[in-house]
Amino acid sequence: MTSNETTQASAYKTGEYAITKQDLTKAALSVGALGMEFSWTYANQMGLAFGMMVKKMLKKIYHDDPEGYAAALERHTAFFNITVCLAPFVGGIAMSMEERIAKGEMPPESVNDIKAALMGPLSGIGDAVFLTTIRVVAAGIAISLASQGNVLGPIIFLLLFNVPQYILRVWGIHKGYEIGVSLLETAEQSGIMDKVIKAAGIIGMMVVGSMTCGMFWASLAVEFGSGEEVTTLQSVLDGIMPGMLGLAFMGLYYFLLKKKVSPMILILGTMVLGVVGVYFGILA
């Protein structure tokens, strides 16, 4: 048996409450995994669906610890966003980590640090491969067939676009679980686990920062000066630090969320603030 086969064999445990290959496959094809964008929310994005995807495996891991299960489920319904077909891969890694967390071998917050660190890089790869390449090629072939009256056009599109995704979902969750176990064991033995967790947290914060800058669409329209010297407050802020306004609002929302303010209140408040700000010429 090769070292790779040994790693794969040791990744799957036996017992009533062990995570099996069947558990992983079912999770990859579950309602949560397939409905990542159907339960999308502004507060957690794909967080609810991710929690649905892994909840049965969490029940096994925390079968004798209801409080631990509740805390784990809350962890895995937190903010999450990724190219949907890659979510099972992250789920596999997360479950291998949860097994360690349940034993007290890892801090609970480490799993979300790893998830946050993987979201950005994997989404960049997944979007480029599936949304920008495979989808476009599949659509081109399907449109060509459909324009000739061939009823196979839409069927070919669905097959070309979805078959690779489903294969990746199933393969990904198994590989993620295997990699998670071997990666964590190696890191633990070498003593670099704390550094890995710290680095993942830093990368995760970088992802949050880039999303804060790239997904905030508002600017201050307040002007001052006269004639050709007129300038806007937004241009002044951009001169100091681009994205400052988005960063300020992110900090405000983070503070309010820590104070247990409902995300729905923040969403509605943001909508009202936007309408009032534009009406009075403060926001553009």
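Residues numbered from 1 in each chain as written. Predicted model: local features only at pLDDT ≥ 70, side-chain atom pairs only at ≥ 80, totals over all residues. Heavy atoms only, no water.

1. Side note on the pattern of salt bridges
Enumeration over the complete set of coordinates arrives at four salt bridges. With a shortest N-O distance of 2.9 Å, Glu98 and Arg75 are connected by a salt bridge. With Glu98 in helix α6 (residues 87-102) and Arg75 in helix α5 (residues 66-75), this residue pair connects regions lying 23 residues apart in the sequence. Take Glu98 and Arg75: they sit in the same class, and that class is buried. (Salt bridge = Lys/Arg side-chain N within 4 Å of Asp/Glu carboxyl O. Helix = DSSP H or I, 4+ residues; strand = E, 2+ residues; numbered from the N terminus. Buried < 20%, exposed > 50% of the residue type's maximum accessible area, 1.4 Å probe, protein only.)

2. Focus on the packing of aromatic side chains
A full pass over the atoms with the stated rule returns four aromatic pairs. Measuring from centroid to centroid gives 4.6 Å for Phe50 and Phe80, while their planes differ by 50°, and the two rings are tilted. With Phe50 in helix α4 (residues 47-61) and Phe80 in the loop between α5 and α6, this residue pair connects regions lying 30 residues apart in the sequence. Both residues of the pair, Phe50 and Phe80, count as buried. Measuring from centroid to centroid gives 6.1 Å for Phe249 and Tyr253, while their planes differ by 50°, and the two rings are tilted. A residue pair is termed a helical-turn pair when its members lie 3 or 4 positions apart in one helix, as Phe249 and Tyr253 do in helix α11 (residues 244-258) at four residues. On the basis of relative accessible area, Tyr253 is assigned to the partly exposed category, the value being 24%. The ring of Tyr166 carries the charged tip of Arg169 above its face, separated from the ring centre by 5.6 Å. (Phe/Tyr/Trp six-rings, centres within 6.5 Å; stacked < 30°, edge-to-face > 60°. Lys NZ or Arg CZ within 6 Å of the ring centre and 35° of its normal.)

3. Quick word on the packing of α4 against α6
In the contact formed by α4 and α6, the axes pass within 10 Å of each other and the chain directions differ by 30°. With respect to α6, the axis of α4 lies roughly parallel. Here α4 and α6 pass one another in a crossing that is right-handed. On the side of α4, the interface is formed by Phe50, Met53, Val54, Met57, Leu58 and Ile61, while α6 contributes Ala87, Pro88, Val90, Gly91, Ala94, Met95, Glu98, Glu99 and Ala102. Taken together, the residues that form the contact of α4 with α6 break down as twelve nonpolar, one polar and two charged. (Axes fitted to C-alpha atoms, helices over the stretch in contact; angles between N-to-C directions. Parallel < 35°, antiparallel > 145°, perpendicular 65-115°, else oblique. Left-handed = near helix turned anticlockwise from the far one by under 90°. Contact = heavy atoms within 4.5 Å. Nonpolar A, V, L, I, M, F, W, Y, C, P; charged D, E, K, R; others polar.)

4. So, the confidence of the model for the protein chain
When pLDDT is averaged along the protein chain, the result is 84; 86% of the residues meet or exceed 70. Note on residues 1-10: pLDDT under 50 across the span, and four contacts to partners over four residues away in sequence or across chains. (pLDDT = per-residue confidence, 0-100.)

5. Describing a positive patch on the surface
A contiguous patch of positive charge, built from Lys26, Lys55, Lys56 and Lys59, is present on the exposed surface. Here Lys56 is to be found in helix α4. Overall, the relative accessible area of 65% leaves Lys56 in the exposed class. (Patch = residues over 30% accessible without salt bridge, like charges linked within 9 Å, V, L, I, M, F, W, Y side chains within 5 Å. Areas by Shrake-Rupley, 256 points an atom, 1.4 Å probe, with all protein chains shown as cover. Lys, Arg positive; Asp, Glu negative; His and termini not counted. Charge placed at Lys NZ, Arg CZ, Asp CG, Glu CD.)

6. Quick notes on the side chain of His76
The residue His76 is located in the loop between α5 and α6 in this model. Non-local contacts of His76, meaning those with residues more than four positions away in its chain, are made with Gly47, Phe50, Gly51, Val54, Leu58, Ala94, Met95, Glu98, Val111 and Lys115.

7. Describing the packing of α11 against helix α12 (residues 263-279)
The N-to-C vectors of α11 and α12 enclose an angle of 145°; their axes lie 10 Å apart at closest approach. Pair α11 / α12 crosses with right-handed handedness. Note on element contacts: α12 touches α11 through Pro263, Leu266, Thr270 and Leu273, opposite Phe249, Tyr253, Leu256 and Leu257. Split into classes, the residues belonging to the contact of α11 with α12 amount to seven nonpolar, one polar and no charged.

8. Describing the nonpolar core
Counting residues in hydrophobic clusters, the biggest one holds 40 residues, and the most contacted among them are Met36, Phe50, Met57, Phe80 and Met95. Every element with two or more residues in this core is listed here: α2 (21-28), α4, α5, α6, α7 (109-147) and α8 (152-190). When residues of this core are assigned to their parent elements, the largest contribution, eight residues, is made by α6. Other than its neighbours up to four places away in sequence, Met36 contacts Met46, Ala49, Phe50, Met53, Val84 and Ala87. (Core = buried A, V, L, I, M, F, W, Y, C linked by side-chain atoms within 4.5 Å.)

9. Overview of α4
With 15 residues, α4 extends 20 Å from end C-alpha to end C-alpha; this agrees with the ideal 21 Å at 1.5 Å per step. Maximal helix bending in α4 amounts to about 50°, located at Lys55. Listed in full, the buried residues belonging to α4 are Gly47, Ala49, Phe50, Gly51, Met53, Val54, Met57, Leu58, Lys60 and Ile61. (Expected span 1.5 Å × (residues − 1). Bend = angle between axes of the 7 residues up to and from the residue.)

10. Here we look at a nonpolar patch on the surface
A surface patch of nonpolar side chains, about 1,100 Å² in accessible area, is lined by Val222, Phe224, Leu233, Val236, Ile240, Met241, Leu247, Val272, Val276, Tyr279, Phe280 and Ile282. Within the residue set of the nonpolar patch, elements represented by two or more residues are α10 (233-240) and α12. By the element assignment, Ile240 lies in helix α10.

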